[in-house]
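Structural overview for review
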Amino acid sequence: MFVYADNAATTRMSDAALAAMLPCWQELYANPSSLHSAGQKSAEAIETARQTVARLLHADSKEILFTSGGSESDNQALLSAAALGARQGKRHILSTAFEHHAVLHTLKKLEKQGFDVTLLPVHEDGLVRPSEVAAAIRPDTCLVSVMAVNNEIGTIQPVGEIGAICREKKVLFHTDAVQAAGHVPLDVEAMCIDLLSLSAHKFHGPKGVGALYVRRGVPLTPLIEGGAQERGRRAGTENIAGIVGMAAALEESCRTREEVHRRLYPLQQRLIDGLSAIPHTALNGDRSRRVVTNVNFCFEGIEGESLLLLLDQKGIAASSGSACTSGSLDPSHVLLAIGRPHEVAHGSLRLSLSRYTTAAEVDYLLEHVPPVVAYLRQMSPVWKDLERGAKPHLL
Ligand SMILES: *Cc1c(COP(=O)(O)O)cnc(C)c1O
């Protein structure tokens, strides 16, 4: 059996997204900037997709900028807000310790350029407190950036409350909604969002395409100079198929969201209950305020990397921390941010489900994960010390 439980890293494309894309390569291939009618057909396909994405976010189509994905959208949002802040003499940015690296590394770059960055702590439940955001906003704050759903632990942040605070204090609010789109309702008006990042491949669309919602009146500083595409805000011939596929995938994800939620919720609960039965184990992130597709555990006394390799041999594709962190030996910054000690953060496992996950696959996970954890513990010198009482258990 092959069980793909790494949907927070990327998802398979849906049939609807693929079907929408196919004609774009061999029929709708004319350049949307060309004046001939073939080019205008391509331009129309892009505008239809823009209207679909806008409608699903409760935005206007002029407020949607197509990009190459979540990372570009995050970079574009932060760098533009910072540039605007600098012009107004405001050089303080407020964000959190558990953002995606596309945000954190951009903030590092801005710090080197003289911006003052405050990273709010995240609580043990994996949630940011709106009152702490309010308290940390200063007269020179030009931007607040808080992700809508965390990519490692799946916790859903109180984005609407944070947006209302920012609106009242007249500070721009950006949210990285890459893990939220298609999973939780998003409404840029009701949630007082000024900038919002999306990435198609996280909701069964193609890789290499994303969007940035930019509230009317918020000036952008282009990252890519050249032609006048995207109303002069992002140069380069448009990724027609990617844009059309993203709109189809987002439409389908939003349309089926509640039904998928109803089907996945009991599977997620069964997975959490089953893995919680392993001793010296902890669920990462609040149990209820999380997306139904995310299960993330720390198992004391083991290494996440070894766990992943053994699970891979059983046909299980999972993850430990984020795709960017794996491959390095540093424990996940998200697990450290919610207060897990280094030793414990190393032994983490993220199982991320999708609308394609079946009950039989969840049974397979429950059958294979516990014995693999037990096997690794039995081989681990660290676990032997814990069991002998030479070291205290942390979980
Ligand atoms: C995947 C992800 C990104 C990056 O998106 P790409 O399209 O892969 O560049 C940014 N933020 C979050 C929360 C993500 O999960």
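Everything discussed here concerns the structure shown above.
Owing to the predicted nature of the structure, the values given are computational and were not obtained by experimental measurement. (Residues numbered from 1 in each chain as written. Predicted model: local features only at pLDDT ≥ 70, side-chain atom pairs only at ≥ 80, totals over all residues. Heavy atoms only, no water.)

**Details of the overall build of the protein chain**
- The number of helices and strands found in the protein chain is 13 helices and 12 strands.
- The globule rule puts the C-alpha radius of gyration for 395 residues at 21 Å, and the 22 Å found for the protein chain is close to it.
- Along the first, second and third principal axes, the C-alpha set of the protein chain runs to 75 × 50 × 35 Å.
- Taken over 395 residues, the protein chain has a buried fraction of 58%.
- A fraction of 73% describes how many contacts in the protein chain between residues 6 or more apart in sequence connect residues 24 or more apart. (Helix = DSSP H or I, 4+ residues; strand = E, 2+ residues; numbered from the N terminus. Rg over C-alpha atoms; globule rule 2.2 N^0.38 Å. Buried < 20%, exposed > 50% of the residue type's maximum accessible area, 1.4 Å probe, protein only. Contact = heavy atoms within 4.5 Å.)

**Focus on a nonpolar patch on the surface**
- Taken together, the side chains of Leu-18, Leu-22 and Trp-25 define a hydrophobic patch exposed on the protein surface, amounting to about 320 Å² of accessible area.
- Summarising the element assignment, Trp-25 is placed in helix H1 (residues 15-26). (Patch = residues over 30% accessible without salt bridge, like charges linked within 9 Å, V, L, I, M, F, W, Y side chains within 5 Å. Areas by Shrake-Rupley, 256 points an atom, 1.4 Å probe, with all protein chains shown as cover. Salt bridge = Lys/Arg side-chain N within 4 Å of Asp/Glu carboxyl O.)

**Some points on the sheet that holds strand E7 (residues 195-199)**
- Spatial ordering of the open sheet is given by E2-E8-E7-E6-E5-E3-E4, a layout of 7 strands whose pairing is mixed. With one partner strand each, in any of the chains shown, strand E2 (64-67) and strand E4 (116-120) form the two edges of the open sheet. Here the average twist between neighbouring strands, direction ignored, is 20°.
- Together, strand E5 (141-145) and strand E6 (172-176) form the strand contacts of helix H6 (residues 159-168), whose direction differs from that of E6 by roughly 160°. (Pairing = 2+ DSSP bridges. Axes fitted to C-alpha atoms, helices over the stretch in contact; angles between N-to-C directions.)

**Here we look at the site of the ligand**
- Close to the ligand lie 13 residues, the nearest being Ser-71, Asp-176, Gln-179, Ser-199 and Lys-202.
- Separating an oxygen atom of the ligand from a side-chain N or O atom of Ser-199 is a distance of 2.6 Å.
- Between the ligand and His-201 there is a distance of 2.9 Å, counted from an oxygen atom to a side-chain nitrogen or oxygen.
- Burial of the ligand by the protein amounts to 87% of the accessible area it has alone, namely 380 Å².
- In terms of residue count, the dominant contributor to the shell around the ligand is helix H3 (residues 70-87) (3 residues).
- For the shell around the ligand, a count of residues per class yields 2 nonpolar, 8 polar and 3 charged. (Near = heavy atom within 4 Å. Polar contact = N/O pair within 3.5 Å; in protein donor to acceptor, adjacent residues only side chain to side chain. Nonpolar A, V, L, I, M, F, W, Y, C, P; charged D, E, K, R; others polar.)

**Structural notes on the sheet that holds strand E10 (residues 294-299)**
- Spatially, 3 strands are ordered E9-E10-E12 in an open sheet, and the strand pairing comes out antiparallel. Among the strands making up the open sheet, the edge pair consists of strand E9 (281-283) and strand E12 (348-352). Across the sheet, the mean angle from the axis of one strand to that of its neighbour is 20°, orientation sign disregarded.

**Thoughts on the packing of helix H8 (residues 240-276) against helix H12 (residues 359-379)**
- At a closest axis distance of 10 Å, the pairing of H8 and H12 adopts a crossing angle of 10°. Classed by the angle they form, the pair H8 and H12 counts as roughly parallel. Along the contact surface, H8 presents Leu-267, Arg-270, Leu-271, Gly-274 and Leu-275, while H12 presents Ala-359, Val-362, Asp-363, Leu-365, Leu-366, Val-369 and Pro-370.
- A per-class count over the contact of H8 with H12 returns 9 nonpolar, 1 polar and 2 charged. (Parallel < 35°, antiparallel > 145°, perpendicular 65-115°, else oblique.)

**Concerning unusual backbone geometry**
- Unlike most non-glycine residues, Cys-192 shows phi in positive territory, near 55°.
- Within the element layout of this structure, Cys-192 appears in the loop between E6 and E7.
- With a phi angle near 55°, His-280 is a residue other than glycine that sits in the positive phi range.
- Mapped onto the fold, His-280 is located in the loop between H8 and E9.

**Remarks on helix H13 (residues 381-388)**
- Capping the start of H13, Ser-380 holds a side-chain oxygen 3.2 Å from the backbone nitrogen of Val-382, two or three residues further along.
- Once H13 finishes, Gly-389 follows within two positions and takes phi at roughly 85°, a positive value.

**Details of the packing of aromatic side chains**
- The tally for this structure, following the rule as stated, stands at 2 aromatic pairs.
- With a centroid separation of 6.5 Å and 40° between ring planes, the pair formed by Phe-2 and Tyr-4 is classed as tilted.
- Ring centres 5.9 Å apart and planes at 10° place the aromatic pair Phe-297 and Phe-299 in the stacked group.
- The buried category is assigned to Phe-299, whose relative accessible area is 0%.
- Residue placement shows Arg-12 over the ring face of Tyr-356; its charged tip is 4.1 Å from the ring centre. (Phe/Tyr/Trp six-rings, centres within 6.5 Å; stacked < 30°, edge-to-face > 60°. Lys NZ or Arg CZ within 6 Å of the ring centre and 35° of its normal.)

**Thoughts on the packing of H1 against H8**
- At a minimum axis distance of 8 Å, the contact between H1 and H8 shows a crossing angle of 160°. Judged by the angle between their axes, H1 and H8 are roughly antiparallel. Here H1 and H8 pass one another in a crossing that is right-handed. Residues Ala-16, Ala-17, Ala-20, Met-21, Cys-24 and Trp-25 of H1 form the contact with H8, whose participating residues are Ile-240, Ala-241, Gly-242, Val-244, Gly-245, Ala-248, Ala-249 and Glu-252.
- Considered class by class, the residues forming the contact of H1 with H8 number 11 nonpolar, 2 polar and 1 charged. (Left-handed = near helix turned anticlockwise from the far one by under 90°.)

**Details of the environment of Val-159**
- By the element assignment, Val-159 lies in helix H6.
- With a relative accessible area of 3%, Val-159 lands in the buried category.
- When the C-alpha positions of Val-159 and His-183 are compared, they lie 14 Å apart, and in sequence the two are 24 residues distant.
- Setting aside residues no more than four positions away along its own chain, Val-159 makes contact with Met-147, Ala-148, Phe-173, Thr-175, Met-191 and Ile-193.

**Some thoughts on the pairing of E5**
- By the criterion of burial, E5 is predominantly enclosed, with 5 of the 5 residues buried.
- Two elements, E5 and E6, share 3 bridges in a ladder whose sense is parallel. Across the sheet, Ser-145 pairs through a bridge with His-174, a residue of E6.
- Between the parallel pair E5 and E6, the chain is carried across by H6, and the sense of this crossover is right-handed. (Right-handed = clockwise from strand over helix to strand, strands pointing away.)

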